[in-house]
Amino acid sequence: KIREASDPLSRAVSVLLAKIGGLSVDLLGLKLAVSGGPGRSEVIAPKFTPLLEALWDKIKDSYSALLIIIDETEHLARLRNAAAFMKSCLEQLNHDKYRRILFVVTVSPSALTDFTEDHPSFPRGFTHVDIPSLSEAESNELITRALSRAVPPSKARPEFLQWVYHYSTGIPSFIHELGRAAFDVDSDGVLDREDFRKGVLGTDAVKGALASLEDKHFRQRYTQKILSNEYRKILRTIASFDEDVVPVSEILKKYKGDEKKLRAYISIMVKRGVLEKVEGQLGQYRLPDRMFKVFLRLRVGPKKE
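All of the points below concern the structure found in this document.

1. A closer look at the overall build of the protein
- A count of helical and extended segments in the protein gives 13 helices and 9 strands.
- Taking all 305 residues of the protein together, 38% fall into the buried category.
- Element-wise, carbon and sulfur atoms account for 54% of the exposed surface of the protein, whose accessible area totals about 18100 Å².

Here it is, written out as structure tokens:
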């Protein structure tokens, strides 16, 4: 809409963007230039809410609402004051009675934790909608549909679909990363087991899915969410099991340390979202997803096929 010169939104944006240096419209939509150097955010942030309000005043006769979707928030959630900034924006819009300006913010569990640590009351500004992991049928449909629309169109062998679903744990963004990397390494238009393997590990020309997920999720889990090498040792021990669910008694056999300390470490990692406690099963734990197990085995432990 912004790029259509005849649309009211385009005219309104053109006028209002002139008031904030660094914002412009390009082929992909709105663009924020970050070349202003240190302190740039302090200049732009106070103008953001008034800009939205002024924009709505100009287009309210043509639209029923202004919906702003903030997606892929893993990096945003780690920025200091990001949650406080968004909460302040919501409160100001509500105070000024601009209730047709709406936000949808997608967050992973770890990103929600980061936002909450930045500003504890941030989650209360939103209605929470939990999106469960995809079923195998939904995962297969997503991959098949995406490949049919790709350039060039491609197909996937049944075993490829099974591997993607298994290792993604049904998480949509993980399915995307695994499918994207495999498509990029494929050479014959049919994605198979070898394309999956190369897609996970990457090649000289293609960034692997594991590296992408490491950048977005795993590095933070492994370096920032846990406090010492002792925690990492426990994670690697859990990753060494082929089973997804591992009892504390089995971890203890390989850990060879103090049981009380082990249980304390595990409890802390559960609170930080690095481990999950299996509901209804006493003393049973699992990693948040199977690709994290792959990361622990290939990136930081002895390589295992």
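Okay, back to it.
2. With respect to helix H7 (residues 172-185)
- The end-to-end C-alpha distance of H7 is 20 Å, a good match for the 20 Å that 14 residues give at a rise of 1.5 Å each.
- Along H7, the positions that sit buried rather than exposed are Phe-174, Ile-175, Glu-177, Leu-178, Gly-179, Ala-181, Ala-182 and Val-185.
- Those residues of H7 that are buried are in contact with helix H5 (136-148), helix H6 (158-168), strand E6 (190-191), helix H8 (193-201), helix H9 (209-223) and helix H13 (290-298).

3. Some thoughts on the nonpolar core
- One finds Leu-235 and Met-291 to be the most contacted residues of the largest nonpolar core, which totals 45 residues.
- Element by element, the count of residues in this core is highest for H13, at 6 residues.
- Those residues in contact with Leu-235, other than ones at most four positions away along the chain, are Tyr-222, Ile-226, Met-269, Val-274, Leu-275, Leu-287, Phe-292 and Leu-296.
- Residues Leu-16, Trp-56, Leu-66 and Phe-103 belong to the second largest nonpolar core, which totals 25 residues.

4. Some thoughts on the pattern of salt bridges
- One pass over the structure, following the stated rule, counts 17 salt bridges.
- Ionic pairing is found between Lys-207 and Asp-215, a salt bridge with its closest N-O pair at 2.5 Å.
- Judged by relative accessible area, Lys-207 falls into the partly exposed class, the value being 43%.
- The partly exposed category is assigned to Asp-215, whose relative accessible area is 25%.
- Note that Glu-259 is salt-bridged to Arg-263, the shortest N-O span being 3.0 Å. With Glu-259 and Arg-263 both in helix H12 (residues 259-271), this residue pair falls 4 residues apart, about one helical turn.
- Note on Glu-259: relative accessible area 38%, which makes it partly exposed.
- Where salt bridges share partners, they join Glu-72, Glu-177, Arg-180, Asp-184 and Lys-216 into one cluster.

5. A look at the environment of Asp-244
- Mapped onto the fold, Asp-244 is located in the loop between helix H10 (229-239) and strand E7 (246-247).
- As for Asp-244 and Arg-290, which are separated by 46 residues in sequence, their C-alpha atoms are 7.8 Å apart.
- Setting aside its immediate chain neighbours within four residues, Asp-244 contacts Tyr-285, Arg-286, Leu-287, Arg-290 and Lys-293.
- Side-chain polar atoms of Asp-244 contact the side chain of Arg-290, separated by 2.7 Å.

6. Focus on the pairing of strand E3 (residues 66-70)
- In this sheet, strand E4 (residues 101-105) lies alongside E3 in parallel orientation, the contact comprising 5 bridges. Note that in E4 the partner of Ile-68 across the bridge is Phe-103.
- Between the parallel pair E3 and E4, the chain is carried across by helix H3 (residues 82-95), and the sense of this crossover is right-handed.

7. Brief notes about the packing of aromatic side chains
- The full count for this structure, using the stated rule, is 13 aromatic pairs.
- Ring centres of Trp-163 and Phe-196 lie 5.2 Å apart, and the angle between their planes is 80 degrees; this geometry places the pair in the edge-to-face category. Note that Trp-163 is positioned in helix H6 and Phe-196 in helix H8, a separation of 33 residues in sequence.
- By relative accessible area, which is 4% here, Phe-196 ends up buried.
- Site record: aromatic cluster; members linked through ring pairs are Phe-174, Phe-218, Tyr-222, Phe-292 and Phe-295.
- The ring of Tyr-222 has Arg-232 lying over it, and the distance from NZ or CZ to the ring centre is 5.6 Å.
- Against the face of Phe-241 rests Lys-254, its NZ or CZ located 4.3 Å from the ring centre.

8. Topic: unusual backbone geometry
- In this structure, Pro-152 follows Val-151 across a cis peptide bond, with omega equal to -5 degrees.
- Relative to the elements of secondary structure, Pro-152 occurs in the loop between H5 and strand E5 (155-156).
- Unlike most non-glycine residues, Lys-97 shows phi in positive territory, near 65 degrees.
- As for its placement among the helices and strands, Lys-97 is situated in the loop between H3 and E4.

9. Some details on the sheet that holds E7
- Taken in spatial order, the 3 strands of this open sheet run E7-E9-E8, and their pairing is antiparallel. Only two strands of the sheet have a single partner each, and these edge strands are E7 and strand E8 (276-277).

10. Considerations on H12
- Counted at 1.5 Å a residue, the expected span for H12 with its 13 residues is 18 Å, and the 19 Å between its end C-alpha atoms agrees.
- Buried within H12 we find Leu-262, Tyr-265, Ile-266 and Met-269. Taken end-on, H12 shows its buried residues confined to a sector of 100 degrees, consistent with a single buried face. Among the exposed residues of H12, those oriented more than 90 degrees off its buried face are Lys-260 and Lys-271.
- Buried-residue contacts for H12 involve H10, helix H11 (248-255) and strand E9 (284-286).
- Positive phi shows up at Gly-273, right after H12, with a value of about 80 degrees.

Definitions and limits used
Residues numbered from 1 in each chain as written. Predicted model: local features only at pLDDT ≥ 70, side-chain atom pairs only at ≥ 80, totals over all residues. Heavy atoms only, no water. Helix = DSSP H or I, 4+ residues; strand = E, 2+ residues; numbered from the N terminus. Buried < 20%, exposed > 50% of the residue type's maximum accessible area, 1.4 Å probe, protein only. Areas by Shrake-Rupley, 256 points an atom, 1.4 Å probe, with all protein chains shown as cover. Expected span 1.5 Å × (residues − 1). Contact = heavy atoms within 4.5 Å. Core = buried A, V, L, I, M, F, W, Y, C linked by side-chain atoms within 4.5 Å. Salt bridge = Lys/Arg side-chain N within 4 Å of Asp/Glu carboxyl O. Polar contact = N/O pair within 3.5 Å; in protein donor to acceptor, adjacent residues only side chain to side chain. Pairing = 2+ DSSP bridges. Right-handed = clockwise from strand over helix to strand, strands pointing away. Phe/Tyr/Trp six-rings, centres within 6.5 Å; stacked < 30°, edge-to-face > 60°. Lys NZ or Arg CZ within 6 Å of the ring centre and 35° of its normal. Arc of directions from axis to C-beta.

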